Every structure is written in structure tokens, then in C-alpha cells.
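For reference, the chains in residue letters:
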Amino acid sequence: THALALVASETITIAGELFAQGQPDGTPGPGGYPGGSTGGPGSRDGGGAPGERNGSATLHSGAGGGGFIGAGGAGGTVSQALGTENGGPGGATVTVDPVDGLLVGGHGGGASAPDILGVDGWAPGGGGGGALMLAARLSVEIRPAGVVNVGGGAGGTSVAAGGGGGSGGMLLIQTYACIVEGVLAANGGGGGGVANSGGASNGSSGDQPTPGGDRGGPGGAGTTLQGGPGDANDWNGGGGGGGAGFIRLDTVLPPDLGNGTVSPSESTPGHVQNSFPTI
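Residues numbered from 1 in each chain as written. Predicted model: local features only at pLDDT ≥ 70, side-chain atom pairs only at ≥ 80, totals over all residues. Heavy atoms only, no water.

Time to look at the overall build of the chain. Of regular secondary structure, the chain possesses zero helices and twelve strands. Along the chain, helices (α) and strands (β) appear in the sequence β-β-β-β-β-β-β-β-β-β-β-β when read from the amino end. Taken over C-alpha atoms, the radius of gyration comes to 18 Å for the chain, in line with the 19 Å a tight globule of 279 residues would show. The proportion of buried residues among the 279 residues of the chain is 58%. Residue pairs in contact within the chain that sit at least 24 positions apart in sequence constitute 72% of those at least 6 positions apart. Total accessible area computed for the chain in this model is approximately 10200 Å², and 53% of it derives from carbon and sulfur atoms. (Helix = DSSP H or I, 4+ residues; strand = E, 2+ residues; numbered from the N terminus. Rg over C-alpha atoms; globule rule 2.2 N^0.38 Å. Buried < 20%, exposed > 50% of the residue type's maximum accessible area, 1.4 Å probe, protein only. Contact = heavy atoms within 4.5 Å. Areas by Shrake-Rupley, 256 points an atom, 1.4 Å probe, with all protein chains shown as cover.)

A few words now on the pattern of salt bridges. Considering all chains together, one arrives at four salt bridges under this definition. Taking the shortest distance from any N to any O, the salt bridge between Asp-231 and Arg-215 comes out at 3.6 Å. A residue pair is termed long-range when its members are at least 10 positions apart, and Asp-231 in the loop between β9 (183–185) and β10 (246–251) and Arg-215 in the loop between β9 and β10 qualify at 16 residues. In this structure Asp-231 comes out as partly exposed when scored by relative accessible area, which is 45%. Residue Arg-248 pairs with Asp-250 through a salt bridge whose shortest N-O separation is 3.0 Å. Taken together, the shared-partner salt bridges in this structure form one network comprising Asp-214, Arg-215 and Asp-231. (Salt bridge = Lys/Arg side-chain N within 4 Å of Asp/Glu carboxyl O.)

Residues Val-148, Leu-171, Ile-173 and Leu-184 are the most contacted members of the largest nonpolar core, which totals 20 residues. Among the secondary structure elements, those contributing two or more residues to this core are β2 (11–14), β6 (131–142), β8 (170–180) and β10. The dominant element in this core, judged by the number of residues it contributes, is β6, at five residues. When residues no more than four places from it in sequence are discounted, the contact partners of Leu-184 are Ile-142, Val-148, Leu-171, Ile-173, Ile-247, Leu-249, Thr-261, Val-262 and Ser-263. (Core = buried A, V, L, I, M, F, W, Y, C linked by side-chain atoms within 4.5 Å.)

A few words now on the sheet that holds β9. Hydrogen bonds between backbone groups are what pair the strands of a sheet, and the pairing can be parallel or antiparallel. The four strands are arranged β3-β7-β9-β11 in an open sheet whose pairing can be described as parallel. Only two strands of the sheet have a single neighbouring strand rather than two, namely β3 (17–19) and β11 (261–263). Looking at each pair of strands side by side, their axes are set apart by 5 degrees on average, direction ignored. Sheet topology note: the strand β7 (residues 147–149)/β9 ladder contains three bridges and is parallel. Each residue of the ladder has a partner; that of Val-148, found in β9, is Leu-184. (Pairing = 2+ DSSP bridges. Axes fitted to C-alpha atoms, helices over the stretch in contact; angles between N-to-C directions.)

Along the chain, Ser-263 connects to Pro-264 via a cis peptide bond; the corresponding omega equals 10 degrees. Take Pro-264: it is sitting in the loop between β11 and β12 (271–275). A positive phi angle, close to 70 degrees, is found at Arg-44, a residue other than glycine. Note that Arg-44 resides in the loop between β3 and β4 (78–80). The phi angle at Asn-196 is positive, at roughly 55 degrees, despite the residue not being glycine. Mapped onto the secondary structure, Asn-196 falls in the loop between β9 and β10. Owing to a relative accessible area of 47%, Asn-196 belongs among the partly exposed residues under this scheme.

Take the side chain of Asn-187 next. Within the element layout of this structure, Asn-187 appears in the loop between β9 and β10. Taking relative accessible area as the criterion, Asn-187 reaches 0% and is therefore assigned buried. Within the structure, Asn-187 has its side chain in polar contact with the backbone oxygen of Ser-204 (distance 2.8 Å). Side-chain polar atoms of Asn-187 contact the side chain of Ser-263, separated by 2.6 Å. (Polar contact = N/O pair within 3.5 Å; in protein donor to acceptor, adjacent residues only side chain to side chain.)

What follows deals with the environment of Leu-59. Following the sequence through the fold, Leu-59 ends up in the loop between β3 and β4. The spatial distance from the C-alpha of Leu-59 to the C-alpha of Ala-92 is 26 Å, given a sequence separation of 33 residues. For Leu-59, the contacting residues outside a window of four places in its chain are Glu-52, Arg-53, Asn-54, Val-78, Gln-80, Leu-82, Gly-83, Glu-85, Asp-234 and Trp-235.

So, about the environment of Leu-132. Assignment of secondary structure puts Leu-132 in strand β6. With 88 residues separating them along the chain, Leu-132 and Arg-44 place their C-alpha atoms 19 Å apart. Those residues in contact with Leu-132, other than ones at most four positions away along the chain, are Leu-4, Leu-18, Leu-103, Val-148, Val-150, Met-170, Leu-171 and Leu-172.

So yeah, pure geometry; function would need other evidence.
The structure is reproduced here in C-alpha cells:
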């Protein structure tokens, strides 16, 4: 339940994969918030709202994705002769002060509604991405094959509608010099698909939107921080994608990102660079 901090007296080098992602069963990354279960919302202010069902439990709308720096996408709305079931709204944007030292993870997506007995047919919301700090006195270096990923979990799938994707988490790096030749990612998870289709992904290790499942919305990434909305067929709606999280680089020297991939992108509120004073 706590954020994770890795601290070195000299240098941290990442040459493999360091993952602190949320998961499709609603489990968050370290320091993140869970996805919804049994037709409930994701936890805390940025949690996605649950999907709905009609009285005969024949129509199920998708659940909303979790929000963080990017808002979560709405779940897919089902509309036909039997009626209309609106998709769950996505979680709202959660403001983070880039200088207050706060280290918190992402928010979970909502769950889809259960069947009429309340015990089956629901999909969990993806867990929020974790909160991870890398602090080193001299440098933090991400090698070409290195990946640090605090993405949100994919929305779950069920026999009916999809759960919302979890939002990306937070990655904080504090050091003298930061060199990124690999990947830093805090992307939203894809919205869950309909009818046990699978296919949704945890927050991607790149700067492209994270794929959702069948009818599920994409997770926020790159310059598109908001999760995408879910779609629907005649009976069930896909989950909304989770919003993107937050990357903060506190360095003395300007970070060297020229050969790497960082998502959210530098031009967005999801990416902040602060200059440390020389000590």
C-alpha cells in the first residue's frame, strides 16, 4: 500500500524492466489506489464510476476509467429498443503540486455492473499505477533496453460489459544528472472489452495510447493525457481508458532525454522538470 523509493549514494542504472503497474483484477501498483469491484467505483477522487444495467440485466454499460493528470474516459453507453444505459463517467483530473514532494499513485477504474443476482457478470476496474521514486546523488541512467513503467492496470472483462482502465501513476526522479536512452512511462490502462473478449493492456511502455479491449477505450499517453471513451454493441459497453499519470524530474543538470521515450510527453502537464540547486 506504500509508495516505493529506491535510493543510491552514487548511481542508479536501469538496464532491464522495472514495473510498478496496476493490474486488471483491480490491484494497484505500490502507493496507488484500487479499481472498483462488484459494480463499484474506483477509490478516491480520481476513481472511475461504475457501469449500469437495466432491470432485467440484459443491457450493461461500460465503466469509466480512472483519472489522474489526465481524466479517465467514459464507459460505453448502450442504447436500443429496450432502453438506454449510460456509461460510467471517467474519473476527474487530480491536481498534483510539482514542488510539494507528494508521492502518490494513480486511481482505479470503475467496475461494470453485476448480473441481476449481484454475484456474477461484472468486470473489475483496473488498478491505479504505482508511485515510484528513484533518487541518486550522482545520476539516474536508463539504458537503451531499460524500462520504468508505472502505468495503470487494464480494465477487466466479463461475460457482459468491461471495467474502466486504471490511471497511470507517478514517477519521481531526483538526482544530479538524468540520462534516458530507454523508456519512462506513466500511461493509463486500456478499457476492458465486452463479452470476455480480453485484449486490453496495462499502461504501455511507450508514448502511444494503450490499447483497450473490444469496445474498450484507449489509455492516455504521450500528448493525449485523457483516456478514450468506450464504445458499445447492442447489449454491452466497453470500459473507458485510464488517464495518464505524472512524471517529475528534479535534476541539477538539464535531463538528457534525446535518445529515450518519456510519456507523458515534455509538452504536457503530465511531465514536469525542476532545477535542483547545486549542493
